[in-house]
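# Residue-level structure breakdown
What follows is the residue order along each chain.
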Amino acid sequence: MWMVDPEYLTKIQTEIKDTSRAFLIEWMIDVHRKFRLVPEALYVTIHIIDQYMSKKKILKNQLHLLGVATLLIAAKYEEIYPPELRDFVAVSENKFSKKMVLEMEKDILLTLGFRVTAPSSYRFLQRYQRLSVSLNDEEVFFYAQYLNEIALLDASLLRFKPSQLAAASMILSAKQLKKINCWNKEMEKFTGYKESDLKEAVEEIKSFAMEINPKFISTLKYKFSKP
């Protein structure tokens, strides 16, 4: 099953807490942006990180190595021309060697049985954009994507399906930007979700986005700021 236990940090990990994970994810978002990788590569990266840490205990000082090796896997999977291994080592300021990255990559793939992908909330958001008049508004779509990436920082949101997170981000974006109601009968028909079904996810994302420490979203604010 591709869903990750939202309580894995307390069940499996001893050194890695919510804050440690959030710092890692924020850094991965920044590295992903610097490499100019396709959006889906970020979601594959986060999914692999959570899958791996839900199965294997790691030390806090291994987090950046895990992040780099995971992004390397995701880039190979999603990109036609992924960055070179030396680029991944350089972005970590040479804190570890190429051999260490490759050894971690091997361990990740063996631990996960080479199952490295799953439905992502980004793909669902793209699909909803095609279905909804509201999300054809570029501002609404990019704000929904911003909320979607904020949600990546909160491990507790792993309890929601990617389709639910995408729908909740879309609804919240349209409401906060005071656009037309995007979740109409047509969307209910296509998705199988009523707006009432998504209320909890909407409130959880909204609450997390409002309460999160600004240092965790400084990269996201820069990434989604207008040029």
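Read on for a plain summary of the structure. Model, not experiment: these values are computed from the prediction.

### Some words on helix H4 (residues 63-78)
With 16 residues, H4 extends 22 Å between its outermost C-alpha atoms, agreeing within 8% with the 22 Å of an ideal straight helix rising 1.5 Å per residue. A large share of H4 lies buried, amounting to 12 of its 16 residues. Listing the buried residues of H4 in full gives Leu63, Leu65, Leu66, Gly67, Val68, Ala69, Thr70, Leu71, Leu72, Ile73, Ala74 and Ala75. Elements that come into contact with the buried residues of H4 comprise helix H2 (18-35), helix H3 (39-53), helix H5 (85-91) and helix H6 (98-111).

### Side note on the side chain of Gln126
Here Gln126 is to be found in helix H7 (residues 121-131). The exposure class assigned to Gln126 is buried, which follows from its relative accessible area of 18%. A distance of 2.9 Å separates the side chain of Gln126 from the side chain of Arg123, its partner in a polar contact.

### Some remarks on the side chain of Asp50
Along the chain, Asp50 turns up in helix H3. Non-local contacts of Asp50, meaning those with residues more than four positions away in its chain, are made with Val4, Tyr8, Arg21 and Leu158.

### Concerning the packing of aromatic side chains
Inspection of the entire model under this criterion finds 7 aromatic pairs. Look at Tyr143 and Tyr146: their rings are 5.9 Å apart centre to centre, the planes differ by 20°, and that puts the pair in the stacked class. Within this pair, Tyr143 and its partner Tyr146 are both found in helix H8 (residues 138-151), separated by 3 residues, close to a single helical turn. On the accessibility criterion, Tyr146 (12% relative accessible area) is buried. An aromatic cluster of at least three residues, connected via ring pairs, comprises Phe124, Tyr128 and Trp183.

### What to know about the nonpolar core
Inside soluble globular proteins, nonpolar side chains tend to come together where they are buried. One finds Met53, Leu66, Val101, Ile108, Tyr128, Leu153 and Trp183 to be the most contacted residues of the largest nonpolar core, which totals 80 residues. It is H4 that provides the largest number of residues to this core, a total of 10 residues.

### A closer look at the pattern of salt bridges
The tally for this structure, following the rule as stated, stands at 13 salt bridges. Note that Glu149 and Lys223 form a salt bridge whose closest N and O atoms lie 2.9 Å from each other. Here the residue Glu149 occupies a position in helix H8, and Lys223 occupies one in helix H12 (residues 218-223), the gap between them amounting to 74 residues. On the basis of relative accessible area, Lys223 is assigned to the partly exposed category, the value being 24%. The network of salt bridges with common partners includes Asp5, Glu7 and Lys11.

### Some words on helix H9 (residues 162-176)
Taking 1.5 Å per residue, 15 residues should reach 21 Å; H9 reaches 21 Å between its end C-alpha atoms and fits that length. Burial of H9 is extensive: 13 of the 15 residues sit out of reach of the surface. Among the residues trailing H9, Lys178 stands out with phi positive, at a value near 55°.

### Some points on the environment of Gln62
Within the secondary structure, Gln62 is located in the loop between H3 and H4. With a relative accessible area of 27%, Gln62 lands in the partly exposed category. With 42 residues separating them along the chain, Gln62 and Met104 place their C-alpha atoms 9.6 Å apart. In this structure the side chain of Gln62 is engaged in a polar contact, spanning 2.7 Å, whose partner is the backbone nitrogen of Leu59.

### Details of the packing of H8 against H9
For any two helices packed against each other, the geometry comes down to the angle between their axes and how far apart the axes lie. Relative orientation of the contacting elements H8 and H9 amounts to 130°, with a least axis distance of 8 Å. The angle between H8 and H9 places the two elements in the oblique class. Both H8 and H9 take part in a crossing whose hand is right-handed. Between H8 and H9, the residues in contact are Val140, Tyr143, Ala144, Leu147 and Asn148 and Leu165, Ala166, Ser169, Met170, Leu172, Ser173, Ala174 and Gln176, respectively. Partitioned by chemical class, the residues of the contact of H8 with H9 number 9 nonpolar, 4 polar and no charged.

### Let's talk about unusual backbone geometry
What is expected of a backbone is that most residues other than glycine have negative phi and most peptide bonds are trans. Phi is positive for Arg36, close to 55°, though the residue is something other than glycine. With respect to the element layout, Arg36 can be found in the loop between H2 and H3. The backbone phi angle of Asn94 is positive, close to 55°, even though this residue is not glycine.

Conventions we followed
Residues numbered from 1 in each chain as written. Predicted model: local features only at pLDDT ≥ 70, side-chain atom pairs only at ≥ 80, totals over all residues. Heavy atoms only, no water. Helix = DSSP H or I, 4+ residues; strand = E, 2+ residues; numbered from the N terminus. Expected span 1.5 Å × (residues − 1). Buried < 20%, exposed > 50% of the residue type's maximum accessible area, 1.4 Å probe, protein only. Contact = heavy atoms within 4.5 Å. Polar contact = N/O pair within 3.5 Å; in protein donor to acceptor, adjacent residues only side chain to side chain. Phe/Tyr/Trp six-rings, centres within 6.5 Å; stacked < 30°, edge-to-face > 60°. Core = buried A, V, L, I, M, F, W, Y, C linked by side-chain atoms within 4.5 Å. Salt bridge = Lys/Arg side-chain N within 4 Å of Asp/Glu carboxyl O. Axes fitted to C-alpha atoms, helices over the stretch in contact; angles between N-to-C directions. Parallel < 35°, antiparallel > 145°, perpendicular 65-115°, else oblique. Left-handed = near helix turned anticlockwise from the far one by under 90°. Nonpolar A, V, L, I, M, F, W, Y, C, P; charged D, E, K, R; others polar.

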